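Close look at the chain arrangement
What follows is each chain in one-letter form.
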Amino acid sequence: MYRKTILENGIRVVTEKVPEMRSIAIGIMVDAGPQDETPEQSGLAHLVEHLIFQGTGSRDAKQIGRFMDSAGGNFGAFTTRDYTIFYATVLDDHRTYALELLGDIFLNSIFPAESLEIEKNAILQEIELGRDSPEERLNTLLKKHSWSSHPLGRPTAGNPEILKGLTREDAIYFFYENYLPDRIIISASGNVDHDDFVAQVRDSFWRMLGASPPRNRPPLVHQGGVVIEHMPVSQVYFSIGLKAYPYANPDRYGMHIMNNILGGGISSRLFRHIRDQRGMVYQIGSEYHAYRD
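Residues numbered from 1 in each chain as written. Predicted model: local features only at pLDDT ≥ 70, side-chain atom pairs only at ≥ 80, totals over all residues. Heavy atoms only, no water.

**Let's talk about the overall build of the protein chain**
Which entries qualify depends on this criterion: A run of H or I in DSSP becomes a helix once it reaches four residues, and a run of E becomes a strand once it reaches two; helices and strands are each numbered from the N terminus. We call a residue buried when its accessible area falls under 20% of the maximum for its residue type, exposed when it is over 50%, and partly exposed in between, using a 1.4 Å probe and counting protein chains only. By definition in these notes, contact holds between two residues if any of their heavy atoms fall within 4.5 Å. Every accessible area reported is derived by Shrake-Rupley at a probe size of 1.4 Å, with residue values counting cover from the shown protein chains alone. Neither His nor the chain termini are counted; the positive set is Lys and Arg, and the negative set is Asp and Glu. All charge positions are set by atom: Lys at NZ, Arg at CZ, Asp at CG, Glu at CD.
Helix and strand counts for the protein chain come out as ten helices and six strands. Going through the 293 residues of the protein chain one by one, you find that 40% of them count as buried. Considering only contacts within the protein chain whose residues lie at least 6 apart along the sequence, 79% involve residues at least 24 apart. Surface exposure of the protein chain reaches about 16,600 Å², of which carbon and sulfur atoms provide 54%. Within the protein chain, the 37 negative side-chain charges are centred at a point lying 5 Å from the centre of the 30 positive side-chain charges.

This is the structure we're talking about:
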């Protein structure tokens, strides 16, 4: 059973108790990402996600990593086009430690100047790795040309030339403008008591204050066309993109079912007919990528 509480500062807390578990998975979803960048900030949201782990007023990056390792837990984050996720998985006895650490990086990160170029270089390597993967490059091209005039069309990792010019002040400003209580959901699943978890979240995040201003994004317009890019690989990769439902649409369940029938697994029609029966390809399938718009 799910339970939900809204804290005094606007943070939403959602839990699902699974009493037979001895672990707890904690997630923090921040309604901020590339959708909140200007074209001149491409990659800033992803850079902030990297820098937030590089030190607080009381812990450096090494201490942050060791703190979670000492609890035998898993800890990390990722950026999508629509939002940013931070997560931790620990034994239920260690949930207080995990929340305290997450609260520390949200409230006390210092975005150390000496880590800025290191993290930029790490992201540039990530971008190059994606360019070396035809499948990932294909996905980037499809979205870029489907939504050329909207932030969703920009790659999550950003534009390399723009990324090189981003500053520590850019990261700090983006964080304090977008990481606000009314844009945050903190969830937990596992051996967790809702009221106890809410009290611990309140203890760790009560100092987060403020409200986000209304967004002023351009309308999302899907455009068709054909895009071809040559790469020095031995196979041809192609993708077809179609307009679909946003992730809050009540008809999304039908879309999920249709996707599974069409290409969601090895029993799907695409896989059975084109891979199994004809042997024309090695990899084929379909995906439903749902966004707010």
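**Section: the layout of surface pockets**
How we decide: Put plainly, a pocket is an open set of points on a 1 Å grid over the protein atoms alone with protein on both sides within 12 Å along at least five of seven lines, a cavity is a set where a 1.4 Å probe fits but cannot get out, and a lining residue has an atom within 4 Å of a point. Grid points are joined across faces, edges and corners, and a volume is the space filled by probe spheres set on the points.
In this model, the largest pocket occupies a volume close to 1,700 Å³. Every residue lining the largest pocket is counted, 44 residues in all, and those nearest its centre are S239, I240, G285, S286 and E287. Counting only elements with at least two residues in the lining of the largest pocket, the list comes to α5 (134–146), α9 (252–263) and α10 (269–277). Per element, the largest residue contribution to the lining of the largest pocket is seven residues, and it comes from α5.

**Points about a negative patch on the surface**
The condition is simple: Exposure above 30% relative accessible area and no salt bridge define the residues that can form patches, which grow by joining like charges within 9 Å and nonpolar side chains of Val, Leu, Ile, Met, Phe, Trp and Tyr within 5 Å. Take a side-chain nitrogen of Lys or Arg and a carboxyl oxygen of Asp or Glu: if they are within 4 Å of each other, that pair is a salt bridge.
Taken together, E126, E135, E136 and E287 make up a surface patch of like negative charges. Turning to its location among the elements, E287 is positioned in the segment after α10.

**Some remarks on the pattern of salt bridges**
Considering all chains together, one arrives at 15 salt bridges under this definition. Between D36 and R215 there is a salt bridge, with its nearest N and O atoms 2.6 Å apart. Of this pair, D36 sits in the loop between β3 (23–30) and α1 (44–51) while R215 sits in the loop between α8 (194–205) and α9, and the two are 179 residues apart along the sequence. According to the relative accessible area criterion, R215 is partly exposed, its value standing at 29%. Sharing partners across several salt bridges, the network here consists of D31, D36, R183, R215 and R292.

**Description of the pairing of β3**
Inclusion rule: At least two bridges found by DSSP between two strands are what make those strands a pair.
In terms of strand pairing, β3 meets strand β5 (residues 84–91) through eight bridges, oriented antiparallel. Note on β5: the bridge partner recorded for I26 is A88. Two elements, β3 and strand β6 (residues 184–190), share seven bridges in a ladder whose sense is antiparallel. For I26, the partnering residue across the bridge sits in β6 and is A188.

**Section: the nonpolar core**
The following threshold applies: We call a set of buried Ala, Val, Leu, Ile, Met, Phe, Trp, Tyr and Cys residues a nonpolar core when their side-chain atoms join them within 4.5 Å.
Counting residues in each nonpolar core, the largest one holds 50 residues, and the members touching the most others are F86, F106, Y179, F197 and F205. If we skip the residues at most four places from it in the chain, F106 touches I28, V30, F86, F175, Y179, I184, F205 and M208.

**A look at α1**
Buried residues dominate α1, accounting for eight of its eight residues. Looking only at α1, the buried set comprises L44, A45, H46, L47, V48, E49, H50 and L51. Elements that come into contact with the buried residues of α1 comprise β4 (74–79), β5, α4 (113–131), α6 (160–165) and α7 (168–178).

**Description of the packing of aromatic side chains**
A ring pair, where both rings are aromatic, is described by two values, the distance of the centres and the angle of the planes. Worth spelling out the cut-off: Stacked, tilted and edge-to-face are the three classes assigned to paired rings of Phe, Tyr and Trp, where Trp is represented by its six-membered ring and a pair needs centres within 6.5 Å; plane angles under 30 degrees give stacked, over 60 edge-to-face, the rest tilted.
Under the counting rule described, the total for this entry stands at eleven aromatic pairs. Ring geometry for F175 versus Y176: centroids 5.1 Å apart, planes at 85 degrees, classification edge-to-face. Every member of this aromatic cluster is reached through a ring pair, and the members are F53, F75, F86, F106, F111, F175, Y176, Y179 and F205.

**What to know about the sheet that holds β6**
Our working definition: To obtain each axis, a line is fitted to C-alpha atoms, and for helices this fit is confined to the stretch in contact; angles are then taken between N-to-C directions over 0 to 180 degrees.
Reading across from one edge, β1-β2-β6-β3-β5-β4 is the order of the six strands in this open sheet, with mixed pairing throughout. The open sheet terminates on both sides in strands that have one partner only, identified here as β1 (2–6) and β4. Taking the axes of each pair of neighbouring strands and ignoring which way they run, one obtains an average angle of 15 degrees across the sheet. Sheet topology places β4 next to β5; six bridges connect them, and they run antiparallel. Bridge pairing in β5 places F75 opposite A88. Packed onto the sheet, α1 meets β4 and β5 and runs at close to 165 degrees relative to β4.

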